[in-house]
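# Close look at the chain arrangement
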Amino acid sequence: MTFTRRTTLQWLATATALSLANRGAVAAATPPATGAPPPFKVVDWPASIAPMAPAKGYGRDPDLTAPKVPWSLTLTRSQRATVDMLGDMILPADAASPGAGTLGVGAFIDEWISAPYPQQQADRAKIIAGLAWLDAQSRVLHGGAFTAGTAAQRTTLLDALTVATPSAAMAQPVAFMDRLRNLFVLGFYSLPEGKADMGYIGDQPTEGPYPGPTPEAQAHFTALLATLKLTLPATAARG
């Protein structure tokens, strides 16, 4: 699927707002490296990646009706194909929506890691190195790039990247996949199809006097406050 830069810039803005709302989950740490090794010899993590060319940001108030994105995109065609394939594997098609890759989540990932901001550039280093590692590991195991493997071969490799406790050799590859999965979720649920998939309907008019939140919503909010060790003021609790 092909997107204009206007679309991907809007996508980036929406996902950035979502990530700021959940800031604690954005910068995923490298998982503890105390697990069992995978059933294959692990190739080395890339020692370095090419730096991004200097670029300016789009400022505090970009014109999304006529965007002029001052940075270039990062991913090659083969990298985009790998990302989209991974998107369909991690968030596959179901009765509600197509897979994330089919919807073009690779375009979002590309825009995200190309933006010249600290969080995006940290993600760029991890994603680019991870894609290089994925192809190198696949070539050692199967003689070709990740996208050239069979479905079973790709699944075996992906399973090794989604363990909760990796071995020392797999710590960085697993951290790469953890972050990529997080970005897939940000990208997918920023799209209309993703919002429909989770039943989000947006603002809806209410006829007559406002009835207030439902008991279920109030219970959920109270439980959330409890986890944060907060309580409602007495006036709000009565209201």
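Since we're looking at a predicted model, the values are computed, not measured. (Residues numbered from 1 in each chain as written. Predicted model: local features only at pLDDT ≥ 70, side-chain atom pairs only at ≥ 80, totals over all residues. Heavy atoms only, no water.)

### Examining the overall build of the protein chain
So the rule is basically this: Where helices and strands are cited, they refer to DSSP runs of H or I of at least four residues and of E of at least two residues respectively, numbered from the N terminus. Only protein chains enter the accessibility calculation, which uses a 1.4 Å probe; a residue whose area is less than 20% of its type maximum is buried, one above 50% is exposed, and one in between is partly exposed. In this description, contact between two residues means that some pair of their heavy atoms is separated by no more than 4.5 Å.
The secondary structure content of the protein chain amounts to nine helices and zero strands. Per-residue burial over the protein chain gives 34% buried out of 239 residues. The long-range share in the protein chain, meaning contacts at least 24 apart out of those at least 6 apart in sequence, stands at 74%.

### Comments concerning the packing of aromatic side chains
What counts here: What counts as a ring pair is set by centres within 6.5 Å for rings of Phe, Tyr and Trp (its six-membered ring), and what kind of pair is set by the plane angle: stacked under 30 degrees, edge-to-face over 60, tilted for all other angles.
Within the structure shown, the criterion is met by two aromatic pairs. Here Phe108 and Trp112 contribute two aromatic rings whose centre-to-centre distance is 5.7 Å and whose plane-to-plane angle is 50°, an arrangement assigned as tilted. Of this pair, Phe108 and Trp112 both sit in helix 3 (residues 105-114), four residues apart, which is roughly one turn of that helix. A relative accessible area of 0% means that Phe108 is categorised as buried.

### Topic: the nonpolar core
For clarity, the threshold we go by: Here, nonpolar core means buried Ala, Val, Leu, Ile, Met, Phe, Trp, Tyr and Cys residues that are tied together by side-chain atoms lying within 4.5 Å of each other.
Among the nonpolar cores identified, the biggest contains 34 residues, and Leu86, Ile109, Ile127, Trp133, Leu180 and Phe184 are the most heavily contacted of them. When residues of this core are traced back to their parent elements, those giving at least two are helix 2 (77-90), helix 3, helix 4 (118-142), helix 5 (151-160) and helix 6 (171-188). Counting residues per element, this core draws most heavily on helix 6, at eight residues. What Leu86 contacts, discounting residues up to four positions off in sequence, is Leu134, Phe146, Leu158, Met177, Leu180 and Phe184.

### Digging into the pattern of salt bridges
Note the cut-off: Any Lys or Arg side-chain nitrogen located within 4 Å of an Asp or Glu carboxyl oxygen qualifies as a salt bridge.
A complete count under the given rule lists two salt bridges for this structure. The residue Arg179 makes a salt bridge to Asp123 at a minimum N-O spacing of 2.8 Å. Placement of Arg179 in helix 6 and of Asp123 in helix 4 is noted, with a sequence separation of 56 residues between them. In terms of burial, Arg179 and Asp123 fall into one category: buried. Of the charged contacts in the structure, one is a salt bridge between Asp178 and Arg181, with a shortest N-O distance of 2.7 Å.

### Focus on the packing of helix 3 against helix 4
So the rule is basically this: As a rule, the C-alpha atoms of each element are fitted with a line to give its axis, helices using only the stretch in contact, and angles between N-to-C directions run from 0 to 180 degrees. Angle categories are assigned with fixed cut-offs, so that under 35 degrees is roughly parallel, over 145 is roughly antiparallel, 65 to 115 is roughly perpendicular, and the rest are oblique. The residue classification treats Ala, Val, Leu, Ile, Met, Phe, Trp, Tyr, Cys and Pro as nonpolar and Asp, Glu, Lys and Arg as charged. All others, Gly included, are polar.
Where helix 3 meets helix 4, the closest approach of the two axes is 7 Å, and the angle between their N-to-C directions is 120°. Classified by the angle their axes make, helix 3 and helix 4 are oblique. Two secondary-structure elements touch here, helix 3 through Ile109, Trp112, Ile113 and Ser114 and helix 4 through Gln119, Gln120, Gln121, Asp123, Arg124, Ile127 and Ile128. Its residues assigned to classes, the contact of helix 3 with helix 4 shows five nonpolar, four polar and two charged.

### Focus: the packing of helix 2 against helix 4
When two helices pack together, their arrangement is captured by the angle between the axes and the distance separating the axes. In contact at an axis separation of 11 Å, helix 2 and helix 4 are set at 85° when each is read in the N-to-C sense. Put simply, helix 2 runs roughly perpendicular to helix 4. Here helix 2 contributes Gln79, Thr82, Val83 and Leu86 to the contact with helix 4, which in turn contributes Ile128, Leu131 and Leu134. Looking at side-chain class alone, the contact of helix 2 with helix 4 contains five nonpolar, two polar and no charged residues.

### A look at helix 6
Basically, it comes down to this: One fewer than the residue count of a helix, multiplied by 1.5 Å, yields its expected span.
An ideal rise of 1.5 Å per residue puts 26 Å on 18 residues; helix 6 measures up with 26 Å between its terminal C-alpha atoms. With 13 of 18 residues buried, helix 6 is to be regarded as a mostly interior element.

### Observations concerning the confidence of the model for the protein chain
Heads up, the rule is: Confidence of the predictor at the level of single residues is captured by pLDDT, which takes values from 0 to 100.
With 77% of its residues at a pLDDT of 70 or more, the protein chain has an overall mean of 81. No element of the protein chain has a lower mean pLDDT than helix 9 (residues 234-238), at 52, and none a higher one than helix 4, at 96. Counting interchain partners and residues more than four positions distant, the pLDDT-below-50 stretch residues 20-27 has six contacts.

### A few points about helix 3
Residues that lie three or four places apart on an α-helix share one face, since the helix turns once every 3.6 residues. Helix 3 sits mainly inside the fold: 10 of its 10 residues count as buried. Among all positions of helix 3, only Val105, Gly106, Ala107, Phe108, Ile109, Asp110, Glu111, Trp112, Ile113 and Ser114 are buried.

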